[in-house]
Amino acid sequence: MLRTFLRMFTLAFFVLVMLGLGITANAQFRASVQGTVTDVAGAVVADATVTLASKETGRTQQVQTSDGGFYRFSSLAPGLYSITVEKADFKKNVTDNVRVDAESTKGVDLSLEAGVISEVITVEAENEGLQTEDATIGKTISTQEVLSLPQVGRDPYELLRLAPGIFGSGSRNGEGNSVSFPNSRGPGGSNSSIFQTENQQPISANGQRVTSNNYQIDGTSVNAQRWGGAAIITPSQEAVKELQVSSSTYSAEDGRNSGAQIKVITQNGTNNWHGSVFYKYNDPSLNAFNKFPQFIGTRNTNRGPERVERKFKGFGGSVGGPIYLPRFGEGGPAYSSGKDKLFFFFAYEGTRDNTNNPNISWTETADYRQRVIAARPGTVTAQILSAPGGEPRVLEVLTPTFNAAANRFVCGSNQLFIPAQAVSGGIDFGSIASSYGQYVGPDAGAGFDGFPDLQCARIDNTVNVKNEQYFARIDFNATKKDKLAFTSFFTPSIRTGVDGGAQSRPQSDFSSDRFNFAIGAIYIRTFSPTAINEARFNYSGWGFNEIESNSESNFGLPRVEIEAIWGDRLRWGIGPSSIFDEKSLDFRDIFTKITGNHVLKFGGAFRRDLNKSAQVNIARPSYSFLRSWNFANGAPIFEFLGADANGNPTPNNTTYH
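The following paragraphs examine the structure supplied in this document. Since the model is a prediction, treat every value here as computed from it, not as a measurement. (Residues numbered from 1 in each chain as written. Predicted model: local features only at pLDDT ≥ 70, side-chain atom pairs only at ≥ 80, totals over all residues. Heavy atoms only, no water.)

## Let's talk about the sheet that holds strand E3 (residues 60–64)
Part 1: On the basis of which strands lie adjacent, the open sheet formed by five strands has the order E3-E2-E5-E6-E9 and mixed pairing. Edge positions in the sheet fall to E3 and strand E9 (120–124), since each has one partner strand and no second. Looking at each pair of strands side by side, their axes are set apart by 20° on average, direction ignored.
Part 2: Bridge count between strand E2 (residues 49–54) and strand E5 (residues 79–86): six bridges; the pairing is antiparallel. (Pairing = 2+ DSSP bridges. Helix = DSSP H or I, 4+ residues; strand = E, 2+ residues; numbered from the N terminus. Axes fitted to C-alpha atoms, helices over the stretch in contact; angles between N-to-C directions.)

Written as structure tokens, this is what we have:
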């Protein structure tokens, strides 16, 4: 219900603003420009008029230099600006194309020449050079770098290791997943592209742990609660304007974390229309065949060449520009563009990933199931074996090989641990022994009976993934003194597929429907050229309910495993399922006051975390049996159940605020 409400709220809000019925804003940033105005002799020039104009939105700001010739503009968006300085008895000076990076202070000293003010001197800004305004060590990753440099899964956080003072190898394992640092735990980095629910990039700032890293989007926290140093929102490349990384000498504004400070600045609309579109397509028909399957341990050596059966589509785009506003007069309503006033930006990215690379594994035979049901009628074991959806999805029965040196049968790379013999229809590894409820040792039960218990098979391994991310942003310069802003990220992700560990039984099919979101609001009030207040609010979180997403599954069936046959196990029943709900409220306010040549900042922050989770699966018993004859006898070697002090089954519910 909450997810539906948030989606509808965002859609309705965006439509209303597009129609001119909403108010939102620009300049929710903490970048600034400052410097000193002097004459050609080096003497400071007091009370000069300095005007800053955005090259993207046309918005202008104006201040007077102090007695020491100092000026400063705060709360700026990254981008290109022009700076004009005027003073009686001096020529007007225009410094064009000043590049301001995200969340940083740009130092621009200006010089005036004697003359009449009608004369104009225009210079091109020098945007490269040493950072002299603060001692922070870091790097600003530009839009061009985000869009051009390679990133696994189009994840901009993959570029963090390019910053000075940041260490991270960016290694990937054989499955393409992120490789974590030694002695560290967590969800890892971008294993599911930008749709990862918790993205914990394996990077270290000056030797700090991964858990010490801090993630912000437009100045508000998107840090996960369960795992430190992980972001619950990974923005798409289209939504990132700049990415600023600091590795040491942090500002007090950055908060509690001692590791890398990662600050994403999102794209904003401008006076010019701009947009993008992309599409990527992979299909099994385009994949090459592996001509040497005998060297791939998970493939049957008797089969011919195989290929990756993966169908993948990635697509998305963005659009941004001015919003047309209604004007009411005697002639009725008319519309004018929101030039220099109101802007929007929208980005979308989605993927569809359908894969079926069949597993080759042992599975029980239909003959084994029927013999156990007949031998143990009315028992729990018989009920488990006769429950709907208990038959494996076998695509093809294969002939196992025999390892003479080890005296073991082999299916693909799976070697039996126990003595067995080949019979018609499969492998015989022992028969039912003793009576129901009686535990039997790990021998071959009552001995070989000539009936097939196991077969080697290619098993269905279908996985379907649907990922989407929506980003919307509106910027509005309400007055010369008031600026407002709203941004929103919504990332729904649905993964459905078979449980290969349970021999792809329909009763074990699993679906996980996850949802990440972040909604931000910023209000900036300019009381005077020397006094600015900036308030920010953020509501973010993520969660899932695997009981609702698997509503057709039979949770009354316990999870059952038969172990010690080969490296894996035979399994029945749906796997572990949980409910998770994590939300955060974050508010912060910063007041900036310029006094002479000094910039003073005062502020505070409030954060409230809301977390509810439940390991529902532990209220459902799970059993492990040593060999198949003990399963037939209903005699487990291991049992697990979550229960209260009275022994009543209960999930592990955890709630904190």
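## Looking at the pattern of salt bridges
Part 1: This structure, assessed with the given rule, holds 33 salt bridges.
Part 2: Its salt-bridge partner being Arg 393, residue Asp 509 comes within 2.6 Å of it at the nearest N-O pair. Pair noted here: Asp 509 is in the loop between strand E32 (482–497) and strand E33 (510–528) and Arg 393 is in the loop between helix H4 (380–386) and strand E24 (394–398), with a separation of 116 residues, a long-range link.
Part 3: The exposure class of Asp 509 is partly exposed, given its relative accessible area of 24%.
Part 4: Since its relative accessible area comes to 26%, Arg 393 is described here as partly exposed.
Part 5: Across the pair Arg 525 and Asp 482 runs a salt bridge, and its minimum N-O distance is 2.7 Å. Of this pair, Arg 525 sits in strand E33 while Asp 482 is found in strand E32, placing the two residues 43 residues apart along the sequence.
Part 6: Taken together, the shared-partner salt bridges connect Glu 561, Glu 563, Asp 568, Arg 569 and Arg 571 into one network. (Salt bridge = Lys/Arg side-chain N within 4 Å of Asp/Glu carboxyl O. Buried < 20%, exposed > 50% of the residue type's maximum accessible area, 1.4 Å probe, protein only.)

## Topic: the state of the cysteines
Part 1: Under the criterion given, the structure shown has one disulfide.
Part 2: Paired by a disulfide, Cys 411 and Cys 456 hold their sulfur atoms 2.0 Å apart. With the S-S bond torsion at 75°, the cross-link from Cys 411 to Cys 456 turns out right-handed. Of the two residues, Cys 411 sits in strand E26 (residues 408–411) while Cys 456 sits in strand E30 (residues 454–459), which places them 45 residues apart along the sequence. (Disulfide = S-S within 2.5 Å.)

Honestly, it's all geometry; don't read function into it.
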